[in-house]
Amino acid sequence: MTEPYDVLIVGGGPAGLSAALNLGRSLVRVLVVDADRPRNAATLNSHGFLTRDGVPPHELRKIARQELAAYPNVAIRSRVKVTSLTQSLGGFTAGIGRTTSTETVSARSVLLATGLRETLPDVPNLRGFYGMSLFSCAACDAWELRGRRMALVGESADLADRARLIGRWTESLTVFTNGSDVVTTAEEAELAAAGVNVLRHPIVELVGERGRLEAIRLSDGALIEVEGGFVRPEWETDLSFLDGFAASVDRHGHLVTDRSGRTDVPGLYAAGDAAAPGPQQLIVAAGAGARVAAVIVHDTIGVATAH
């Protein structure tokens, strides 16, 4: 086992890398473990990040890692994952690697910035359009689709709420429930009054070329012309590596923290999509990582911070 790190960061997305940068600048010895499987891998361009609007997500991560290379007290392990995490005397012990081989490291504190795994609705050839003309984040991508005929595809109970949000960017929105009964009669009437049509038949085909969505074909034979839109995935955290202890999660499975990113397990922190309230813009996740980094430093030396 190597000398203990001050902080182990699980996840190398915007929250984890932002925390690593700020911890590194505070003379903290940091190890970042990143499986390199970001949720936004299908997205061509990220938006809403000040000074980086329109930059591909992989480029944003590349720039961050280049900046971290200037800090010798920050190490990054890529394409490996934390396979186990246990509480130990003075902190935590983690198994790192792949299924065939692992190494053991220890750390006084751990920041969980693991993000989320997403499952898309079971719609034929949806992956061929996702990240190019179908997106999941309205705040991130609706500007590029503004004023067009949009689709919203989903099977979750909050579909009507998401339709109300997306309606801000278009006067032509159609909601596709893909055969699921997730929009109530009252919600359908409210959406109809706002000019939003709800179609409940299963989707049999997305029509278009080279990632550009042009129409949606339903099981009743209807072909609805659209020019892109949004899909509502299901999200879940992967905390299976926590061995023998568990931090509290909310009803959606997101880690519950105080305002400073502390979980209810001493020394265990969380930031980014894995923490409540869940999915958020890149710049928000990066800000959360920076905030938690400062809290970890303060907690280490016993300086009081707001809860």
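Here we summarise the structure given alongside this text. Keep in mind that this is a model prediction, so the values were computed, not measured. (Residues numbered from 1 in each chain as written. Predicted model: local features only at pLDDT ≥ 70, side-chain atom pairs only at ≥ 80, totals over all residues. Heavy atoms only, no water.)

Notes on the overall build of the protein
Piece 1. Scanning the protein from N- to C-terminus turns up 6 helices and 17 strands.
Piece 2. Compactness check: the protein gives a C-alpha radius of gyration of 21 Å against a globular reference of 19 Å for 307 residues, within 12% of the reference.
Piece 3. Each principal axis of the C-alpha atoms in the protein carries an extent, and together these give about 65 × 40 × 35 Å.
Piece 4. Of all 307 residues assigned to the protein, the portion counted as buried reaches 47%.
Piece 5. Across the protein, every contact between residues at least 6 apart in sequence was considered, and the portion connecting residues at least 24 apart equals 57%.
Piece 6. Summing over all exposed atoms, the protein offers an accessible surface of approximately 15100 Å²; the carbon and sulfur share of this is 51%.
Piece 7. When the 30 basic and 35 acidic side-chain charges of the protein are each reduced to a single mean position, those positions are 6 Å apart. (Helix = DSSP H or I, 4+ residues; strand = E, 2+ residues; numbered from the N terminus. Rg over C-alpha atoms; globule rule 2.2 N^0.38 Å. Buried < 20%, exposed > 50% of the residue type's maximum accessible area, 1.4 Å probe, protein only. Contact = heavy atoms within 4.5 Å. Areas by Shrake-Rupley, 256 points an atom, 1.4 Å probe, with all protein chains shown as cover. Lys, Arg positive; Asp, Glu negative; His and termini not counted. Charge placed at Lys NZ, Arg CZ, Asp CG, Glu CD.)

Points about the sheet that holds strand S14 (residues 223-225)
Piece 1. One open sheet holds the 3 strands; their spatial order is S12-S13-S14, and the pairing between them is antiparallel. Of all strands in the sheet, those with a lone pairing partner are strand S12 (203-209) and S14, marking the two edges. The sheet shows a mean angle of 25° between the axes of neighbouring strands, direction not considered.
Piece 2. By the bridge criterion, 3 bridges tie strand S13 (residues 212-218) to S14 in an arrangement that is antiparallel. Considered in S14, the bridge of Arg217 is made with Leu223. (Pairing = 2+ DSSP bridges. Axes fitted to C-alpha atoms, helices over the stretch in contact; angles between N-to-C directions.)

Some words on the nonpolar core
Piece 1. Ranked by size, the top nonpolar core spans 26 residues in total, and within it Leu8, Leu85, Leu112 and Leu268 carry the most contacts.
Piece 2. For this core, the secondary structure elements donating two or more residues are strand S1 (5-10), strand S2 (30-34), strand S4 (81-88), strand S5 (91-97), strand S6 (102-112) and strand S17 (268-270).
Piece 3. With 4 residues, S6 is the largest single contributor of residues to this core.
Piece 4. The residues contacting Leu8, other than those within four sequence positions of it, are Leu31, Val33, Leu85, Ala94, Ala107, Ser109, Val110 and Leu111.
Piece 5. Val7, Ala15, Leu23 and Val30 belong to the second-largest nonpolar core, a separate cluster that totals 25 residues. (Core = buried A, V, L, I, M, F, W, Y, C linked by side-chain atoms within 4.5 Å.)

Some details on helix H1 (residues 14-24)
Piece 1. Burial of H1 is extensive: 8 of the 11 residues sit out of reach of the surface.
Piece 2. Along H1, the residues classified as buried are Ala15, Gly16, Leu17, Ser18, Ala19, Ala20, Leu23 and Gly24.
Piece 3. Along its buried surface, H1 packs onto S1, S2, helix H2 (57-68), strand S3 (74-78), S6 and helix H6 (282-301).

A closer look at the state of the cysteines
Piece 1. According to the stated counting rule, one finds 1 disulfide in the structure shown.
Piece 2. In this model Cys137 forms its disulfide with Cys140; the gap between the sulfur atoms is 2.3 Å. Every disulfide takes its handedness from the sign of the S-S torsion; for Cys137 and Cys140 that torsion is 70°, giving right-handed.
Piece 3. The class of Cys137 is partly exposed, set by a relative accessible area of 21%. (Disulfide = S-S within 2.5 Å.)

Quick word on the pattern of salt bridges
Piece 1. On inspection of all chains with the given rule, the structure shows 18 salt bridges.
Piece 2. Notably, a salt bridge pairs Arg65 with Asp36, separated by 3.0 Å at the nearest N-O pair. Taken together, the residues Arg65 in helix H2 and Asp36 in the loop between S2 and H2 connect sequence positions 29 residues apart.
Piece 3. What makes Arg65 partly exposed here is its relative accessible area of 23%.
Piece 4. For Asp36, a relative accessible area of 27% corresponds to the partly exposed category.
Piece 5. Taking the shortest distance from any N to any O, the salt bridge between Arg200 and Glu188 comes out at 2.7 Å. Placement of the pair is Arg200 in the loop between strand S11 (197-199) and S12 and Glu188 in helix H5 (residues 185-193), with a sequence separation of 12 residues.
Piece 6. Assessed through its relative accessible area of 28%, Arg200 is described here as partly exposed.
Piece 7. Beyond isolated ion pairs, a larger network of salt bridges with shared partners links Asp34, Asp36, Arg61 and Arg65. (Salt bridge = Lys/Arg side-chain N within 4 Å of Asp/Glu carboxyl O.)

Some thoughts on the packing of H1 against H2
Piece 1. The N-to-C vectors of H1 and H2 enclose an angle of 20°; their axes lie 10 Å apart at closest approach. When the interaxial angle is binned, H1 and H2 end up roughly parallel. Handedness of the crossing formed by H1 with H2: left-handed. Where H1 approaches H2, its residues Leu17, Ala20 and Leu21 are matched on the opposing element by Arg61, Ala64 and Leu68.
Piece 2. Residue composition of the contact of H1 with H2, by class: 5 nonpolar, no polar and 1 charged. (Parallel < 35°, antiparallel > 145°, perpendicular 65-115°, else oblique. Left-handed = near helix turned anticlockwise from the far one by under 90°. Nonpolar A, V, L, I, M, F, W, Y, C, P; charged D, E, K, R; others polar.)

Section: the side chain of Ser133
Piece 1. With respect to the helices and strands, the residue Ser133 is situated in the loop between strand S7 (117-119) and strand S8 (134-135).
Piece 2. Residue class for Ser133 comes out buried when judged on its relative accessible area of 7%.
Piece 3. For Ser133, the contacting residues outside a window of four places in its chain are Leu145, Gly211, Arg212, Leu213, Gly228 and Gly229.

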